[in-house]
Amino acid sequence: MLLLFATQIIWAQNEYKRYGIKSAKVEYKTVSDEGMGTKTLLFDDYGMKERLRETISKNNHVIKDNLTILNGEKAYSVDLLTNEATDISASFQMANAMAGNDLAAKGKDMLEAMGGKMTGYADMLGKHCEKWELNTMGKTVLLIYKAIPLSTKVTVMSFTSTEEATSFKEGVSTNPSDFELPSGVVIAEQEYGEGLGSAGGMTDEEREHMEKMQKMTYEEFRDFVKKEQPDAKEEEIKLIYKMMKAAAASGDKK
């Protein structure tokens, strides 16, 4: 959960560009303890407009069908199984403020502060990607092209989840309707702590856990992390603690 929160901020939008290309459509396959799934990412205006749909199936049943819409300063997470949407604009606006003006440089600085290292390059779907490895609270290997993750592998203890792009089309045409909410969707205001992940909000258990950690002093949080991850570096712990406090402050302002 902390890794997802951190990467949301690392690859968050700034005032001008989120990605290094103007438009693209990327399709992914995903595997996790939840089940097998797919993702489709469509964006324009360097990511200022984005549509991300994620589905997960288990035992031949769709258990998750989420849609995230970003259009300028507005952002929504939609549960297509219930046709309910949550306004998550505040989370993206908070990420904007933390990212600063130089997204690429800030993203690399934060990855390095978390203990991440660029270990080389690898080609995927004809794209020359940077390969990054992080060993904070597990191991994560990323292949990133123009700030777009094309491959993500996260291993925590005995659990491994993967996300791999299966198709990449650059310079695609989009329509305004691609970045609008589906008709009939009921919109609710974002609840405290939601919207940190790219696919929507947290579960009640995750939210309660996050709120407890956000109330910790740095010393308490450091002891908690060291108990779970004895090799965690001091600068990594400080970075994640700072980001959690920023999220708490954003929620308080609402």
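Residues numbered from 1 in each chain as written. Predicted model: local features only at pLDDT ≥ 70, side-chain atom pairs only at ≥ 80, totals over all residues. Heavy atoms only, no water.

Student: Tell me about the pairing of strand 6 (residues 84–87), and please be specific about residues and values.
Tutor: Sheet topology note: the strand 5 (residues 74–79)/strand 6 ladder contains 4 bridges and is antiparallel. Bridge pairing links Ser77 to Thr86 in strand 6. Linking two consecutive strands that pair antiparallel, namely strand 5 and strand 6, is a turn of 4 residues; a positive phi of about 65° is found at Asn83 within it. (Pairing = 2+ DSSP bridges. Helix = DSSP H or I, 4+ residues; strand = E, 2+ residues; numbered from the N terminus.)

Student: With reference to specific residues and values, describe the pairing of strand 8 (residues 127–134).
Tutor: Where strand 7 (residues 117–124) meets strand 8, 7 bridges bridge the pair, whose relative direction is antiparallel. Of the residues in strand 8, the one forming a bridge with Tyr121 is Glu130. Here strand 8 pairs with strand 9 (residues 139–145) via 5 bridges, running antiparallel. Looking at strand 9, one finds that Leu134 is bridged to Thr140.

Student: Report on the confidence of the model for the protein, specifying residues and quantitative values.
Tutor: Averaged over all residues, the pLDDT of the protein equals 79, while 69% of them reach at least 70. Highest mean pLDDT in the protein belongs to strand 1 (residues 24–32) (97); lowest belongs to helix 1 (residues 2–10) (46). In the predicted structure, residues 191–201 sits below a pLDDT of 50 and forms 36 contacts with residues beyond four places in sequence or in another chain. (pLDDT = per-residue confidence, 0-100. Contact = heavy atoms within 4.5 Å.)

Student: If you had to explain the side chain of Thr152 to someone new, which residues and values would you point to?
Tutor: Locating Thr152 in the fold gives a position in strand 10 (residues 148–156). Judged by its relative accessible area of 18%, Thr152 falls in the buried class. Those residues within four positions of Thr152 in sequence are excluded, and the remaining contacts are Thr140, Val141, Leu142, Ser161, Thr162 and Glu163. (Buried < 20%, exposed > 50% of the residue type's maximum accessible area, 1.4 Å probe, protein only.)

Student: Account for the environment of Val156, with residues named and values stated.
Tutor: Inspection of the secondary structure assignment puts Val156 in strand 10. Overall, the relative accessible area of 36% leaves Val156 in the partly exposed class. Remark: the alpha-carbon pair of Val156 and Thr136, spanning 20 residues in sequence, is separated by 9.5 Å.

Student: Pulling in residues and values, what's your account of the pattern of salt bridges?
Tutor: Applying the stated criterion to the full structure yields 8 salt bridges. Note that Glu163 is salt-bridged to Lys39, the shortest N-O span being 2.8 Å. Within this pair, whereas Glu163 is found in strand 11 (residues 159–170), its partner Lys39 is found in strand 2 (residues 35–44), the two being separated by 124 residues in sequence. Neither residue differs from the other here; Glu163 and Lys39 are each classed as buried. Where Lys74 meets Asp87, a salt bridge forms, and the shortest distance between an N and an O atom there is 3.0 Å. Placement of Lys74 in strand 5 and of Asp87 in strand 6 is noted, with a sequence separation of 13 residues between them. By relative accessible area, which is 37% here, Lys74 ends up partly exposed. Here the salt bridges share partners, and the residues they tie into one network are Lys22, Asp44, Asp45 and Lys49. (Salt bridge = Lys/Arg side-chain N within 4 Å of Asp/Glu carboxyl O.)

Student: Can you lay out the environment of Ser173 for me, pointing to particular residues and giving the numbers?
Tutor: You can see Ser173 is positioned in the loop between strand 11 and strand 12 (186–189). With 129 residues separating them along the chain, Ser173 and Asp44 place their C-alpha atoms 8.2 Å apart.

Student: Outline unusual backbone geometry, supporting the account with residue identities and numerical values.
Tutor: Positive phi is not limited to glycine here, since Tyr46 has a value of about 60°. Take Tyr46: it is sitting in the loop between strand 2 and strand 3 (49–58). Judged by relative accessible area, which is 27%, Tyr46 ranks as partly exposed. Positive phi values are uncommon outside glycine, yet Leu125 reaches one of about 55°. Tracing the chain through its elements places Leu125 in the loop between strand 7 and strand 8. Relative accessible area serves as the criterion here: at 40%, Leu125 is assigned to the partly exposed category.

Student: Tell me about the nonpolar core, and please be specific about residues and values.
Tutor: With 17 residues, the main nonpolar core has Val26, Leu41, Phe43, Ile148, Leu150 and Phe168 as its most contacted residues. Contributions of two or more residues to this core are made by strand 1, strand 2, strand 9, strand 10 and strand 11. Take this core: its biggest share by element is 3 residues, from strand 1. Filtering out sequence-adjacent residues up to four positions away, Ile148 remains in contact with Tyr19, Ile21, Tyr28, Leu41, Phe43, Leu143 and Phe168. In this structure, Phe221, Val225, Ala232 and Ile237 belong to the second largest nonpolar core, which totals 9 residues. (Core = buried A, V, L, I, M, F, W, Y, C linked by side-chain atoms within 4.5 Å.)

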